[in-house]
Every structure is written in C-alpha cells, then in structure tokens.
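These are the residues of each chain, in order.
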Amino acid sequence: MADQTFRLPDLGEGLTEAQLVAWRVEEGTQVEVNAPLCEVETAKAVVVIPSPWAGTIQKLHARPGESVAVGEALVTITSAEASAAEAPPGTLVGYGPGAPESGIRRKARTAASVPESSGDVRAAPFVRQRAKEMGVDLAQVLGSGPGGRITRADVEAAASAPAVTSSTSTAAPSADGERRISVVGIRKAIARQMVRSVSTIPQFTEFAIFDATNLMAAREQRKASGRSMTPLPYFIAAVVKAVRAYPLMNSSWDESRDEIIVKQPVNVGIAVNTTQGLLVPVLRGAEQLELTAIAEKSAQLIEGARAGTLPPGQMSGGTITVTNVGASGPVETGTPIINPPECCVVAFGAIKPRPMVVDGKVVARSGAWISISVDHRIVDGALATEFLTALVAELETISA
Amino acid sequence: MADVVRVVAADDPVRALFSPAGELTAEGRSRLGLDAAALRELYRNMVLIRRADQEALNLQRQGELGLWGQFLGQEAIHVGAMTALRSEDWVFPSYREFGMAMIRGIDPADMLTLFRGLSHGPWDPRKYHFAPLAIPVATQVPHAVGFAMGCRLKHSDEVVLSTFGDGATSEGDWHEGMNFAGVFKAPVVFLCQNNYWAISVPLSKQTAGSIAERAQGYGFPGIRIDGNDVLGVYAAVRAAAARARQGEGPYLIEAVTYRMGAHTSSDDPTRYRTDSELQAWNAKDPIARYQAWLVQQGIIDEGTVKAIADAAETAAQAMRARLIALPTPPPGEAIFGRVYSKPPEPFLREREEFEASLEGP
Amino acid sequence: MEAVTMAKAINLSLRDALTRDDNVLIFGEDVGALGGVFRITDGLQKAFGEERVFDTPLAESSIIGVAVGLALRGFRPVPEIQFDGFIYPAFEQIVSHVAKYRNRSGVSLPITIRVPFGGNIGAVEHHSESPEAYFAHTAGLKVVTPSTPGDAYALLQTAIDDPDPVIFFEPKARYYVKEEIDPAARVPIGKARVVHEGSGVSVIAYGPTVSIALQAAKTAAAEQISLEVIDLRSLSPLDMDTVMASVRKTHRAVVVHEAPVFCGFGAEVAAQISHDAFDTLEAPVTRVGGLNVPYPPARYEKLYLPDVDRILQAADAALAYG
C-alpha cells in the first residue's frame, strides 16, 4: 500500500497549466488503471485524464474551476500494489517548461576555469589601452590575474604608485566604526599565493640557533677593507652550499604527475618589504655566483623591488626563498610560509648578542635564529634536520 | 502526335478485383487464398493494435508520453497492407503507422520511447525493414522510391510500401517521388491512407481533384478503394506488390478511411468537425464490420472474440509496464552517440566536456 | 488592459492588422477553422471571412510561393509556417525569391512570414528548431523575434507594415507567458532593448533566452554581480549601437541562444563586438548555446539548452579573466 500523488502533466507540447472542469471520481472511489479521473481544459482542448494507478482515491487537490499548474498535485491515490511504490514518488514524466525534473542534471555552476595568462598575452585589450592612456609600462607591472595576467586594477595601482599604498583602497568607516578596504593588485596577489601555499602544501617548521661569531668577524674584515656587506649575502651563500648537499630542498612537488621536480639552478627568492607589499625578487643561478656577486645582485634586486622597477623576469622562477624576520626589535624568529611551488623557505632572525653555553660556561656571543619551513610531501623531519644542521654548520664556519 | 491522354495498362490486376466503387468483389474475395486461421489473425491483429493505440493515448494523458497521434479507425489498412507484404519488403511510414510497426514485430514499448522523449529512432530499420518515422510530411516518399530504385538495380524482387496521408499528396516531395517512380519504374506500392483530415483541413480543401487518378499523370495506375475493409486492402496491396515484383512498376492505392481520433493529443477536433460526421464513420468501423462478417461466416464466435479482447488487454498492460520500466539511456550517448559514423576530434571533445559537466558518477 | 498571453497578443496584433488594411491576408495550414495549432489565429476566420483568413493545402513551399504571387498582385500576405522544423521545404522560395525579388526587379514584397521557433516544450523531432541564422545570413530579409507579449504585438505591427519581407520568429515556449500590452506601442525593426541594467557583464539574448538571461541577472544580483541584459529583438538588421554602448560600459560580453553555438547567430554578434569594441574588452566574448548536435530527444533537452547556471558560469569566467 502506497500513497502516490499524480501531478498534472503537460498535455499538449508546452502547456503550462490547465483548468479543472469536473471530477469523475470522489475521495474514496476505487479505480482501476485508466479509469477516467477528471476533465481538464487546456489552452488547446478539453481532455479526460485516466488514472495511472489502481487503488483508492485518497485526496483531490483541486476544485472545479480552479487552475492547476503543470507539475502541481492533481490527485493522491492509495495504490494497492506494493510495486507501485518503486515508481518515482508521485512525479510522472512531464515535458515542457513546467515539467518536473528528469533526474539527469548538468552540474550547478562550477568554478570558472579561466585560461591563465601565457606568453605575450598578459593583458586584455582594454587593459592595454588603459595602460597606454595612463602612461604605465606593462612590462613593469606585476599582474594579479590568473597566471599573472595584468588587470585594470593592477594598471591603475601602478599608475598611482609609489607614494600611496595603491594595492588597497579604503572606504569611509561605517556607522559602527567598521572600515572596508578593497583588495586589489599586489595585496590580492599575495593573498592568493598565501592561500595556495597553506592549502596545498603540508608544511612544518624547524628552528635552530647558529653562532654568528665567525660571520661577524668576516664582515668586520670586509668592512675594514671598504667592502661592507650585510649578512644577507652570507645567508644566501650558505643556503646555496647546503642545498648542494641536499638537492631535495631545491625542488617542487608536481601534483598532476605525482613527481618531485628537483631543480638544478638555485634561484634564490629574496623577500623584500615594500610600500606596495611583500615582493620576492629572484637571484637567478646563485650557485654560479661567488659572494661579492651575490651581494651586488641582491642589493640591486632589493632596490629595484622597492622602487617597483623590476621586470617580470626578475620576479619569477625562484626555487628556494630566504626571508629576514628579525630586521628590528625583539622579534627572534617566525614560521615562514613556503612560496609555492617551492619546497623550502629559510627565515633568518636578527644577529645579536645572546647567552650561550661554551665549555660549560654561559657567555654572550653573537647568534641568530634560523627557521625553515619545508614541504612534508617531499621532505621528512629527519632530512629537514640534516639540512638545517648543514646550514648551521656552513654559517658557523664562515671564514673571511 | 501521340494521344493527349496516355491510357494506362488495360490489364490492371488490382482493378480486376474491385468494383468501380472500390469495393472488393465476391470474385476478388474468393481469390484471397486466406484460410480461417489467417482470417482470424487479421481480426486479432486489428484488435491488438487498436487496444495498444488506446493505451498509448492513456499513457499520454498520464504524462508518460509527451504526445500521441492515434490511428484509431485505420486498423484495416495497417493490418491488411502489412499482411499482404513479405517480411523483406521495406515499409516507409509517415508518423502514424504504429500499428504497422507492431505487425512488423517492433516492440510497441520501444516505439513509444519516440514519444517519451528518449529517442528519435528506437528500432534498427535494417532489422525490421521498416524505415524511421518521418514527421515532416511526405519527405519519406522520395526515400521509398530511391530504395525501390535500388532494389531494381540489384535485380531483387523486393517491393517497397510507401505510405502517407491525404495531406501528403499536396507536398512537392510527393509529386517528385511519384514522378521518379514512374520514370524509373520503381517497384513501389504507394498507399495513401486518405483519412479525410490533415489536422483541421478536410479533403475538400486539400485537393480539388482525385488522389487515385493522379497516378495516371505519372505514368502508372491508381485505384481508390474502401480502406475500412481489411480484406479489400489486403487484396489490393497483394496484387499491386505482385505486379511490382514482376517488374511492372509502381501502383497507387488510395484507401479511403477516417481519422476517428484527433490529429494528436494536442489537437481539439471539436473545433473543426461535427459529432454527426464522427458518428457516421463510427458506424463504418472497420473492426466491428469485419467481426460481423467473420461471425456471419462462422469463422469466429463470441468466446474467441472475448479471448482476443482479453489478450489485447493483457498485451496493452504489458506494454505499459515495459515502457515505464525502460531506463533512460545515458545523456552522452543519447545526444552524441549516433550523430557521426566517424566522429571528428572537435565533436569528441565537445562530448567529453558535456559529459564532464553532468552531475553524478 | 488586462494581461494577455503572447499567443493572445499576436492574435490581437493580427486582428488589428486585418482591420487596418484590407489587403492583409493570413493563410497557412490549420489557421482557419482550427485557429492554428497554438490558437494564434483563433477567431480570425470567423471575424474576417475565408477570403482574408484561409487554410492552405499541406505545402510549405507553395505557401510561400503563392505569398510571392499575392504580394505582386497588391496584397500584404502574412503566411504562417506551422513549426520551425517545417520551414525547410520553403527555404528555396524564401532564399531564392522572397529575399531577392526586389533586388532582381525593383518590386517590394511586403510579406511577413510567421514561424513558431525554439524548444523547451517537450516535443518530438522537428518541433524545436532554431533556424534563425540561415535567414539572418540571407540579405534581403529582415529577421525579428519578440521575447514578451508586448513586443510580440508591437513588433508584428511593424513587420506587417514594413514594405520589405520579414521573418517573424515566435518563441513558442513563451506563448503562454502573460503581460499587459499597449496596442498603441510600436517597436521598430533594428532596435535592441536593454531589459535589465547592469555594469559587470553584457548578456545579449533574443527570443526564448531573454527570460533565462533575466533570471540569471536576478541570481547574480544576490551575489553582488551585476549583469546587463540586452534583448536584441531584431537579428537582421542588428542593433550593434545598443550592444556596443553596453560593452563599453561593462567590458565583458556573453551571447545566449538556443541554436547550436557552432556557426550560430552569436558568432556574428561576438565577431562584431571583438572587432568594433576590441580595446574595450577585458575578457574574450563568449557564446552560450546549444551543443553541436541535432536537437536531442525531449528528455534531454534541458541538458542541451542554455540555462541560468551556464549563463552564470560564462559571466563568472568573464569576470575572473583579469
């Protein structure tokens, strides 16, 4: 025994409704299959509707004179056969604009798959036009669109740089003191990269402190001979040497093929704070460079990033990143976020005097924290530890 | 100069069986060569297909079919013609030949999927020698003629049945097809089911002339017969087919009947024809008439009549059950599967994209 | 006046045309006593007589062919082709003669050919076609399609009055939609209409897809996405001024029609936008429409026809382009 509801079908190729003229049954009437149930009038004709099931009329859902929409309930029948319940509950095949669902659907609106920018096509025609009008050199603009495509907002941001933090624009505060800052340009690009990193890379961080005594001594020597150098080139050089021993730290996880791509050149990304936001220019082929070259080039990159004058070629292609978390103040270290699609990011803290234990005694020595965040798909803790140990060893054994 | 009016062959084996009014003569009936069992079979088939036709209309009213075009009243033609043909003779129908398809062995539930929105062509024409339904009127006629031309070229003795309604005889394709058949002496039996109505247009508005006599204009004979006499239809089609098999060319049979139902389930005949006309033709119902004759001849009794009616009822319920249980073929296959024999690359890619866009496994 | 269905609006428009001009004739299959398979010509034969409104034999080629003859004899024929899928026998007469007669002879043929078109009514084969591109591609014809009862009334008046031949495509899935109409209104041929203002993406539609585009705009608005919807109304001539003004504002465009995308009418619109508004575009112009297959069996038509999700997907992609 099963209650089934018969819905008004589309009786004439695209009808949307019908008017009930008269019932031929009452609630309680027993009907066979095809027994006349009612007369309805459509836009085309008056039609007698026969019963689709055998059973007892349970409920009539419309009164004579009323309009019933296609797909709306007409009558409920308590049918005798158990097998009737297997039919799609209540809804019969219908057609036309008012018809019930057929059961097969196309997916509801899926995420837009937008072609990424490739090669030369880095900006849509309108964006190029805007750039021309605003005197912006597209080659100098970092695109926040898919694949680095330059958007109109990027161009407008570039046009009003550098004085204003043009990657965000602020609306007036609302009544309850809330302020909404619209996110465009570089801020948006950073946000996108960060989300991508933490949502696709399982990363863990290890910490170490290295004794910077030898490094500082080497720096002093250089300073004395008029070639002063920040610690950064030393850090980079040390990272490069450590990577030579642990090439997996200079790799990339290829999701689509379940492969690890071990990169040969060591292109070191250098995180730079600029008024526009965090930029990461890339020192290419660092493994080929000796210390002074590293120093010169990295200084140029940092200056260029701050000025916003670096071409795209120097903003991409990194294989490992270094960042400085301890530029000022009491901050010792941090948990850096990997720059996808890399495997490792190395963060250096400030070099300053710290209490250390040497030969059983607490002494003040120059030292700094290093933290590395590593892609756990590629590298396990043991290897990360070895790499970090090697890095520390490199830094502690710097000679002039 | 030759005679203005070319007289078509005097020895017309079809005309010899009929009175000038198009009724099968006693002589013609005696030469049918059908025994009692075969005569009962004609009756049984008419009852079977009528009951199926009614069930199809019920299914449409219940929302199981989107549309149905009844052939109520035309059973004598469907059964008479199909019985007269051999199984290897191809049939090119219009869109109302459901009864003919059933007699050819096509599962009615399968045929109904056409009206259930599941398929445009649910049977293999090559298996049943039955072409797909042709909805645009008369477009099937040149197809029939071409097939028949092919039979002739292959020196086979197959015959083709080209069937259509009175409305079709107004279409250009019909005239061109008839003319080709005459020129190429194609072995076609043209069977016009003149059921008087083309939706709401009556015969008098469809043509000022005679359908049967047009054949002469195309160089072959034609005849108008009583289409509600199953034996008459059988006799005419058999004789015309035999003539064509012997290489004598085409023949036009105009079988006069009446479309007892509406044009389709979307139609309202009360808007254009009278009840009295309907009742007049009801009195000439082909099944009632044949049943009366069979009873009078002692070939059938009340018990058999009831048994046949019950069997038709059972068959109709089985058709209903089978139709409703039919699965919906997967969309990719239904939409893309038969467009090309050798699908091109871009087409296959479009199909892949489409299938990827569907919900579910 | 109270709201009427599009079918009724066309009926009223034909009635008014028959009243205003004694030379207007309406003919075709089943248009007389039956009043048409969609009841569009209901009551007209009774009101105006069999010499003004008459049934023809079943012969589309000659329905159009005799329309040519009648037009030459001084009448203003408004023949009906019963369904889109049955226009093909008449294709020769339309393309070889109706379209070319004036060019050949200097004589105008004020013929208006009415054709229900489009799908989404659960029909069998040949009853859901969208053949408008074949005719828009044929110079000498004007091709129009209303999307509302009001426009159906007004555009048909203009079409019948036009000295040039017009193909009037009626979206049959919209026949029973109701709206108040203004019998004094006239819609010019060659003028599109912005039916929903917006700023993010221009969605260009005609006939049956206009209402789908409007639904998409409504859904998008709830997500703070602003779509501008344009009803072309006239395919040939095509009002690119309205389209360009919109694209200059939004910088992104999507064209929507039921006909297959491949070689569909949308290709013309997209090509013209890409050419004349190239520097305005922030994303490529896309087309949403039917698959490149014969119109499928009714159970599958909703998977084939453009719907709200697919329009929104195209709009999303345009907005995400950069």
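All values reported here derive from a predicted model rather than from experimental measurement.

### What about the overall build of chain C?
Next up, step 1: Regarding its fold elements, chain C presents 12 helices and 14 strands.
Next up, step 2: Its C-alpha radius of gyration of 19 Å places chain C within 12% of the 20 Å reference for a compact globule of 322 residues.
Next up, step 3: Looking at chain C alone, contacts between residues at least 24 apart form 81% of all its contacts between residues at least 6 apart.
Next up, step 4: When the accessible area of chain C is evaluated, it comes to approximately 10,900 Å², of which 52% is carbon and sulfur surface.
Next up, step 5: Each charge class in chain C was averaged separately, 28 positive and 40 negative side chains, and the resulting centres sit 2 Å apart.

### Some points on the nonpolar core
Next up, step 1: B:Ile253, C:Leu232 and C:Ile273 are the most contacted members of the largest nonpolar core, which has 178 residues in total.
Next up, step 2: Residues within four places of B:Ile253 in sequence aside, it is in contact with B:Val189, B:Phe190, B:Leu191, B:Cys192, B:Ile223, B:Ile225, B:Ala236, B:Val237 and B:Ala240.
Next up, step 3: One finds A:Ala218, A:Leu301, A:Val374 and A:Val379 within the second-largest nonpolar core, a separate group that totals 55 residues.

### Topic: the interface of chain B and chain A
Next up, step 1: Across the boundary between the two partners, chain B contributes 28 residues, which contact 25 residues of chain A.
Next up, step 2: Interface area for chain B against chain A, summed over the two sides, is near 2,000 Å², with a carbon-plus-sulfur share of 50%.
Next up, step 3: Of all residues in chain B, B:Arg61, B:Gln62 and B:Glu359 bury the most surface against chain A, accounting for 31% of the area lost on that side.
Next up, step 4: The interface formed by chain B and chain A holds 0 salt bridges in total.
Next up, step 5: Between the two partners, chain B and chain A, sit 8 residue pairs in polar contact (both at pLDDT 80 or more).
Next up, step 6: Elements that contribute at least two residues to the side of chain B that touches chain A include exactly helix 2 (36–61), helix 14 (302–325) and helix 16 (345–356) of chain B.
Next up, step 7: Ranked by residue count, the leading element in the side of chain B that touches chain A is helix 2 of chain B, at 5 residues.

### Considering the sheet that holds strand 2 (residues 24–28) of chain C
All names here are of chain C.
Next up, step 1: Strand order across the open sheet formed by 3 strands is 3-2-4, with parallel pairing between neighbours. Each edge of the sheet is formed by a strand with only one pairing partner; in this case those strands are strand 3 (53–55) and strand 4 (76–79). Averaged over all pairs of adjacent strands, the angle between their axes in this sheet comes to 25°, without regard to strand direction.
Next up, step 2: For strand 2 and strand 4, the ladder comprises 4 bridges, and the chain directions are parallel.

### A few points about the pattern of salt bridges
Next up, step 1: Under the definition given, this model contains 46 salt bridges over all chains.
Next up, step 2: For B:Arg50, the salt bridge identified is with B:Asp285, shortest N-O distance 2.7 Å. A residue pair is termed long-range when its members are at least 10 positions apart, and B:Arg50 in helix 2 and B:Asp285 in the loop between helix 12 (275–282) and helix 13 (286–296) qualify at 235 residues. Exposure class is identical for B:Arg50 and B:Asp285. Each is buried.
Next up, step 3: Between C:Lys142 and C:Asp164 there is a salt bridge, with the nearest N and O atoms lying 3.0 Å from each other. Of this pair, C:Lys142 sits in strand 6 (residues 142–144) while C:Asp164 sits in the loop between helix 7 (149–161) and strand 7 (166–171), and the two are 22 residues apart along the sequence.
Next up, step 4: On the basis of relative accessible area, C:Asp164 is assigned to the partly exposed category, the value being 24%.
Next up, step 5: A cluster of three or more residues bridged by salt bridges with shared partners is formed by B:Arg51, B:Glu55, B:Glu313 and B:Arg320.

### Focus: unusual backbone geometry
Next up, step 1: Note that the residue after A:Pro340, namely A:Pro341, is joined by a cis bond; omega there is 10°.
Next up, step 2: Turning to its location among the elements, A:Pro341 is positioned in the loop between strand 18 (320–324) and strand 19 (344–348).
Next up, step 3: Residues C:Ser236 and C:Pro237 are joined by a peptide bond in cis, for which omega reads 0°.
Next up, step 4: By the secondary structure assignment, C:Pro237 is in the loop between strand 12 (234–236) and helix 9 (240–250).
Next up, step 5: For C:His126, which is not glycine, the phi dihedral falls at a positive 70°.
Next up, step 6: By the element assignment, C:His126 lies in the loop between strand 5 (112–117) and helix 6 (132–136).

### Observations concerning the pairing of strand 8 (residues 73–79) of chain A
Residue and element names in this part refer to chain A.
Next up, step 1: For strand 8, the buried fraction is high: 7 of the 7 residues fall into the buried class.
Next up, step 2: As paired elements, strand 6 (residues 55–60) and strand 8 share 5 bridges and run antiparallel to each other. From the neighbouring strand, lysine 59 faces strand 8, where its bridge partner is threonine 76.

### Structural notes on the confidence of the model for chain A
Next up, step 1: Averaged over all residues, the pLDDT of chain A is 85; the fraction at 70 or higher stands at 87%.
Next up, step 2: In the model, residues 163–167 of chain A has pLDDT below 50 throughout and makes 13 contacts with residues more than four positions away in sequence or in other chains.

### Overview of the interface of chain B and chain C
Next up, step 1: Facing 38 residues of chain B, the contacting portion of chain C comprises 30 residues.
Next up, step 2: Across the chain B/chain C interface, buried area totals approximately 3,000 Å², and carbon plus sulfur atoms make up 62% of it.
Next up, step 3: The interface formed by chain B and chain C includes 2 salt bridges.
Next up, step 4: The salt bridge involving C:Glu50 is made with B:Lys205; its shortest N-O contact spans 3.9 Å.
Next up, step 5: At the junction of chain B and chain C, the tally comes to 10 residue pairs in polar contact (both at pLDDT 80 or more).
Next up, step 6: Residue assignment for the side of chain B that touches chain C shows that the elements contributing at least two residues are helix 9 (203–206), helix 15 (331–336) and helix 16 of chain B.
Next up, step 7: Here the side of chain B that touches chain C takes 4 residues from helix 15 of chain B, the largest share from any one element.

### Topic: the side chain of B:Thr264
All names here are of chain B.
Next up, step 1: Along the polypeptide, threonine 264 turns up in the loop between strand 7 (251–256) and helix 12.
Next up, step 2: Judged by its relative accessible area of 13%, threonine 264 falls in the buried class.
Next up, step 3: With sequence-adjacent residues up to four places away left out, threonine 264 is seen in contact with Leu67, Trp68 and Gly69.

### Here we look at helix 6 (residues 291–307) of chain A
Residue and element names in this part refer to chain A.
Next up, step 1: Between its terminal C-alpha atoms helix 6 stretches 24 Å, which fits the 24 Å expected from 17 residues at 1.5 Å a residue.
Next up, step 2: For helix 6, the full list of buried residues reads Leu291, Ala293, Ile294, Ala295, Ser298, Leu301, Ile302, Gly304 and Ala305.
Next up, step 3: The inward-facing, buried residues of helix 6 contact helix 4 (213–224), helix 5 (231–245), strand 14 (268–270), strand 15 (272–274), strand 16 (277–279) and strand 17 (282–283).
Next up, step 4: Where helix 6 terminates, the next one or two residues include glycine 308, which has phi positive at roughly 75°.

### Points about the sheet that holds strand 1 (residues 90–92) of chain B
Residues and elements named next belong to chain B.
Next up, step 1: If you trace the 5 strands from one edge of the open sheet to the other, you get 1-2-3-7-6, paired in parallel fashion. At either end of the open sheet lies a strand with only one pairing partner, and these are strand 1 and strand 6 (222–226). In this sheet, neighbouring strand axes are inclined to one another by 20° on average, regardless of whether the strands run parallel or antiparallel.
Next up, step 2: Bridge count between strand 1 and strand 2 (residues 160–165): 3 bridges; the pairing is parallel. Bridged to tryptophan 90 within strand 2 is valine 160.

### Some details on the pairing of strand 6 of chain B
All names here are of chain B.
Next up, step 1: With respect to burial, strand 6 is a largely interior element, 4 of its 5 residues being buried.
Next up, step 2: As paired strands, strand 6 and strand 7 are joined by 5 bridges and run parallel to one another. Paired with isoleucine 225 across the bridge in strand 7 is alanine 255.
Next up, step 3: On the question of chirality, the crossover connecting strand 6 to the parallel strand 7 by way of helix 11 (residues 230–245) is right-handed.

Conventions adopted
- Residues numbered from 1 in each chain as written.
- Chains lettered and ligands numbered in written order.
- Predicted model: local features only at pLDDT ≥ 70, side-chain atom pairs only at ≥ 80, totals over all residues.
- Heavy atoms only, no water.
- Helix = DSSP H or I, 4+ residues; strand = E, 2+ residues; numbered from the N terminus.
- Rg over C-alpha atoms; globule rule 2.2 N^0.38 Å.
- Contact = heavy atoms within 4.5 Å.
- Areas by Shrake-Rupley, 256 points an atom, 1.4 Å probe, with all protein chains shown as cover.
- Lys, Arg positive; Asp, Glu negative; His and termini not counted.
- Charge placed at Lys NZ, Arg CZ, Asp CG, Glu CD.
- Core = buried A, V, L, I, M, F, W, Y, C linked by side-chain atoms within 4.5 Å.
- Buried < 20%, exposed > 50% of the residue type's maximum accessible area, 1.4 Å probe, protein only.
- Buried area = accessible area lost by both parts, 1.4 Å probe.
- Salt bridge = Lys/Arg side-chain N within 4 Å of Asp/Glu carboxyl O.
- Polar contact = N/O pair within 3.5 Å; in protein donor to acceptor, adjacent residues only side chain to side chain.
- Pairing = 2+ DSSP bridges.
- Axes fitted to C-alpha atoms, helices over the stretch in contact; angles between N-to-C directions.
- pLDDT = per-residue confidence, 0-100.
- Expected span 1.5 Å × (residues − 1).
- Right-handed = clockwise from strand over helix to strand, strands pointing away.

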